[in-house]
Amino acid sequence: MKKFMNDPADAVTDYLVGLAAAHPTTVTFDAERRIVVRTTRARAGKVGLVAGGGSGCEPLHTGFVGHGMLDAACPGEIFTSPVPKQIVAATLAADSGAGVLHVIKNFSGEVMNFGMATELLAFEGIAIDSVLVTDDVSIPQMPGTAGRRGLGATVLVEKIAGAAAERGDDLASVTAIARRVTDRARTFGVGLSSCTPPLRGKPIYDLPDGEIEFGIGISGEPGRERVAMRDAHQIADAMVSEVVTDLQPSPGAQLLVLVNGMGATPLSELYLLYGECDRLLRARGLEPVRSLVGNFVTSLDQAGAALTILELDDDLTVLWDAPVRTPSITWGAEA
Amino acid sequence: MNDQITTAQLTAWVTECARLINVHADALNDLDATAGDADHGSNLERGFTAVMAIGFLDQLDSPRELLKHVGSTIVDVVGGSSGALYGTFFLRMAVTSGPNGVLDAAGFAELLRAGGQGIVDRGSAQVGDKTLYDSLAPAITALDQALAAGDTLARALVSASAAADAGRDGTVALAARKGRASYLGDRTIGYADAGATSMALIIRAAMTTLG
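Numbers given to residues run from 1 along each chain, matching the order in which its sequence is written. By the order in which they are written, chains take letters starting at A while ligands take numbers starting at 1. Note on the predicted model: pLDDT of at least 70 is required for a residue's local features to be given, and 80 or more for side-chain atom pairs to be given and counted; whole-chain, interface and lining totals, by contrast, use all residues. Each side-chain value is worked out from all heavy atoms of the structure, with water and hydrogens disregarded.

Per an unreviewed UniProt entry, chain B goes by the name Dihydroxyacetone kinase, C-terminal domain and belongs to Cryobacterium levicorallinum.

Taking an unreviewed UniProt entry as the reference, chain A is identified by name as Dihydroxyacetone kinase subunit DhaK belonging to Cryobacterium levicorallinum.

With that settled, the discussion passes to the pairing of strand E6 (residues 128–133) of chain A. Residues and elements named next belong to chain A. Being paired, for any two strands, means DSSP has found at least two bridges between them. We count a stretch as a helix when DSSP gives it H or I for four or more residues in a row; a strand needs E for two or more, and each element gets its number in order from the N terminus. In the sheet, strand E5 (residues 100–105) pairs with E6 via 6 bridges, with the strands oriented parallel. Counterpart to Lys105 in the pairing with E6 is Val133. Crossover connection from E5 via helix H3 (residues 108–121) to parallel E6: handedness right-handed. Orient the strands so they point away from the viewer; a crossover is then right-handed if the path from the first strand over the helix to the second runs clockwise.

By convention in these notes, a salt bridge is any Lys or Arg side-chain nitrogen within 4 Å of a carboxyl oxygen on Asp or Glu. In this structure the tally under the stated criterion is 34 salt bridges over all chains. A:Glu119 is the salt-bridge partner of B:Arg122, the closest N and O atoms lying 3.3 Å from each other. Here B:Arg122, found in helix H5 (residues 105–123), pairs with A:Glu119, found in helix H3, and the two come from separate chains. The shortest N-O distance in the salt bridge between B:Arg187 and A:Glu213 comes to 2.8 Å. One end of the pair, B:Arg187, is in the loop between helix H7 (153–170) and helix H8 (194–210); the other, A:Glu213, is in strand E8 (residues 211–214), on a second chain. Burial here depends on accessible area, computed with a 1.4 Å probe over protein chains only, as a share of the maximum for the residue type. Under 20% is buried, over 50% is exposed, and the range in between is partly exposed. Given the relative accessible area of 27%, B:Arg187 is considered partly exposed. Salt bridges sharing partners connect three or more residues here, namely A:Arg167, A:Asp169, A:Arg180, A:Asp313 and A:Asp315.

Okay, the packing of helix H2 (residues 40–53) of chain B against helix H3 (residues 63–77) of chain B next. Residues and elements named next belong to chain B. As a packed pair, H2 and H3 sit with axes 9 Å apart at the nearest point and diverge in direction by 135°. Here H2 is positioned oblique relative to H3, judged by the angle of their axes. Here the hand of the crossing between H2 and H3 comes out right-handed. Within the contact between the two elements, H2 uses Arg46, Gly47, Phe48, Ala50 and Val51 and H3 uses His69, Val70, Thr73, Ile74 and Val77. Lines fitted to C-alpha atoms define the axes here, with helix axes fitted over just the stretch in contact, and angles between the N-to-C directions of these axes take values from 0 to 180 degrees. Just so you know how the angles are binned, under 35 degrees is roughly parallel, over 145 roughly antiparallel, 65 to 115 roughly perpendicular, and the rest oblique. With the far helix as reference, a near helix turned anticlockwise by less than a right angle produces a left-handed crossing, and one turned clockwise produces a right-handed crossing. Residues are treated as being in contact if the distance between any of their heavy atoms lies within 4.5 Å.

With that out of the way, let us pick up the sheet that holds strand E2 (residues 35–38) of chain A. Residue and element names in this part refer to chain A. The strand order E1-E2-E4-E3-E5-E6 describes an open sheet built from 6 strands, whose pairing is mixed. Where the open sheet ends on each side, the last strands, each with one partner, are strand E1 (27–30) and E6. The sheet shows a mean angle of 25° between the axes of neighbouring strands, direction not considered. Helix-sheet contacts for helix H1 (residues 11–22) involve E1, E2, strand E3 (48–55) and strand E4 (72–78), and the interaxial angle to E1 is about 145°. Each of E2, E3, E4, E5 and E6 is contacted by helix H2 (residues 84–94), which is oriented at about 165° to E4, the strand it contacts most.

Before going further, it helps to spend a moment on the layout of surface pockets. Summary: where empty space remains is shown by rolling a probe the size of a single water molecule over the atoms. All names here are of chain A. The distinction between a cavity and a pocket rests on a 1 Å grid over the protein atoms alone: a 1.4 Å probe fits inside a cavity but cannot get out, while a pocket stays open yet meets protein on both sides within 12 Å along at least five of seven lines, and a residue with an atom within 4 Å of a point counts as lining. Grid points are joined across faces, edges and corners, and a volume is the space filled by probe spheres set on the points. There is about 480 Å³ of room inside the second largest pocket. Forming the walls of the second largest pocket are 18 residues, and the residues nearest its centre are Ala11, Tyr15, Gly56, Glu58 and Leu300. Broken down by element, the lining of the second largest pocket gets its largest block of residues, 4 residues, from H1. Asp, Glu, Lys and Arg are counted as charged, while Ala, Val, Leu, Ile, Met, Phe, Trp, Tyr, Cys and Pro are counted as nonpolar; the rest, among them Gly, fall into the polar class. Tallied by class, the residues present in the lining of the second largest pocket amount to 9 nonpolar, 5 polar and 4 charged.

Residues and elements named next belong to chain A. Domain delimitation in this document rests on an assignment produced automatically or drawn from a domain database. Here chain A is described as being made up of domain 1 (10–184 + 318–331) and domain 2 (185–311). For domain 1 and domain 2, the distance between their C-alpha centroids amounts to 23 Å. Contact with domain 1, which involves 33 residues of that partner, is made by 36 residues of domain 2. Joining two parts hides part of their accessible area as seen by a 1.4 Å probe, and the buried area is that hidden amount summed over both. When domain 1 packs against domain 2, the two sides together hide about 2,700 Å² of surface, and 62% of this comes from carbon and sulfur. In terms of surface lost to domain 2, no three residues of domain 1 exceed Phe79, Val137 and Arg184, which account for 27% of the buried area on that side. The interface formed by domain 1 and domain 2 holds 4 salt bridges in total. Of the charged contacts, one joins Arg184 and Glu311 as a salt bridge, the two residues approaching to 2.1 Å between their closest N and O atoms. Two N or O atoms form a polar contact when they lie within 3.5 Å of each other; inside protein one atom must be a possible hydrogen donor and the other a possible acceptor, and for residues adjacent in sequence the pair counts only when both atoms belong to side chains. At the surface where domain 1 touches domain 2, the tally comes to 13 residue pairs in polar contact (both at pLDDT 80 or more). Among the elements that make up the side of domain 1 that touches domain 2, the one with the highest residue count is helix H4 (residues 153–167) (4 residues). Its residues assigned to classes, the side of domain 1 that touches domain 2 shows 18 nonpolar, 6 polar and 9 charged.

Printed below as a string of C-alpha cells:
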C-alpha cells in the first residue's frame, strides 16, 4: 500500500483538516463534534440539509457543504456510518428555524444511526424529515431484505433539494422534491478493481486481470456478480440497459446523466464512457440534456464507474441549474 | 441459590469481551471482507477499547451503570450497523437491569432476552437473515431452557455458548438478507457471518466469566 497519509487511524481527520484549509470561506471543520458546516451560516428561515455516511466516498458528503447544497455533513470512519452524536450535532448546526431534511442513503448502519439520532433530537423541538436514497438497480427488490443502496442519486438529491431550500421552499416541499428525485433516478456501477482502506493496508478482495465486478456499491465490497472484462461499448450497453429497464423513462424523456468515477479511473475514461452512454440513450429515443462527469461518489482508490440517470422535469432542471458553491460542485452566481 | 452475578463479574465479562474481540479482530475483518468492507473487527475493537479506556470501569457499581457505559460508548464511537446494534444490545440490558447491584441467573437471562429484543427492534433482523442475531437467538433460547430444566448458571452458559457457536456455524450455509452482505446475495453462502461470529465471542465470554 502506498498512500499519502501519516497514521492510518488519522486519515479521515487529516482529510477534513485539508478540506477546510483549502476552502476556508466555504466550509469549516468542527473537530470536536466531527462535522463539516458552512463557514457562513445560511439565512434564517431556510430549511437545513444534513447528510452523512462512511468516509472513503469523497467528495460525498463533506465536499458538498455550501451554498445551494448541504448545511452540514457528518463523516463516519472509513465505510462506516457516522454515530448518532455527530448526526445530532450536524442537525443542530443546520437548523435555522425552518426544520431540517436528513438525506439518508439506504445502508443499514446509516439508517439505524440516523434513526437513533432522530430519537435523541425529539427533545430539541426541531422539525425533521428524511429522504431515503435507493437508486441501486443491481439489488433485487425483495421484502424482508435491506433493499437497494443509495448511490450516485445522492449527489443529485443534495444538489436539487439544496436548491429548493435555498429558493425558500418549506420543509414539506423540499422533502417532496427530494423524494421526486429518488423516485426518478437509478444507478448501476461497475468495478475494475478492489480498493485499499488505510487501516486494512491491502485490497478488500482480489480481482484478477480479465475480470470485473458488476453491480458494485460504494464501500469496496464485491458486486452482484463477477464477469469477464469487455470493451467500453459493451460495458456502457450493460449499464444503460440495467438503468433504463428499471427506470422506465417516458418516451423522449429529458435526462440528467451522471457518469461517476469510483476514485481511480481517469477522467478520459469517464468521458469515453459518457460518450458511449449518451449515444446509446439517444438511440433509445431519450434525450440527455444535463450531464455530470467526474468523481463524486467514490470508493477510495477503486477503479470503476457508475451510471446514474435522472428523468428531469422543468422544475428539477431549474433547480439543477441553480447556483451552487461547495468545495466539489460550483456553478452559477449567487443571488 | 448461589447463582448470583455481581457487578464485578459483569465487569470481568466486559473485559473478556474486549480481550476476545482484540484477539479475533483480524479474523473478523477477513470474514467481513467476504461480504462487506472488512472492518467489523476493527470497528468493534475501537468500541471495546474506548469502553476499557476509562480509568474507573471498576467503580461503576451496578449492572445498570456498567452496561449503560458499555452501550453508550459503543453507540458513540463505533458507528455503522455494528455500533447501533451492539450499542442497543447493551443499552437495553442496562435499562432492564434495574437498580439492584446483584443479578441472579434468571435476571441475567432476562437481560439477554431484552438485549436480543433490542437488536430485533433496531435492525428488524430475524433468525436466518445471516446476522449477529443468528448466534444470539439460539443462545438466549438455550440459556432459558437450561435454567428452566434446573441447570446451574455455569452449565446453562455452557449450553448457551455451544448454541451460539452452532448458530454461527449455521450462517455458513445462509445467503445474507440484511446489512451490507445482503447486496451480494448468494455470493455470501460459504462463509460465516462476521456479526454472528463476534456475537458468539460475546456469549463465550459470558460463559467463562459469569458461570
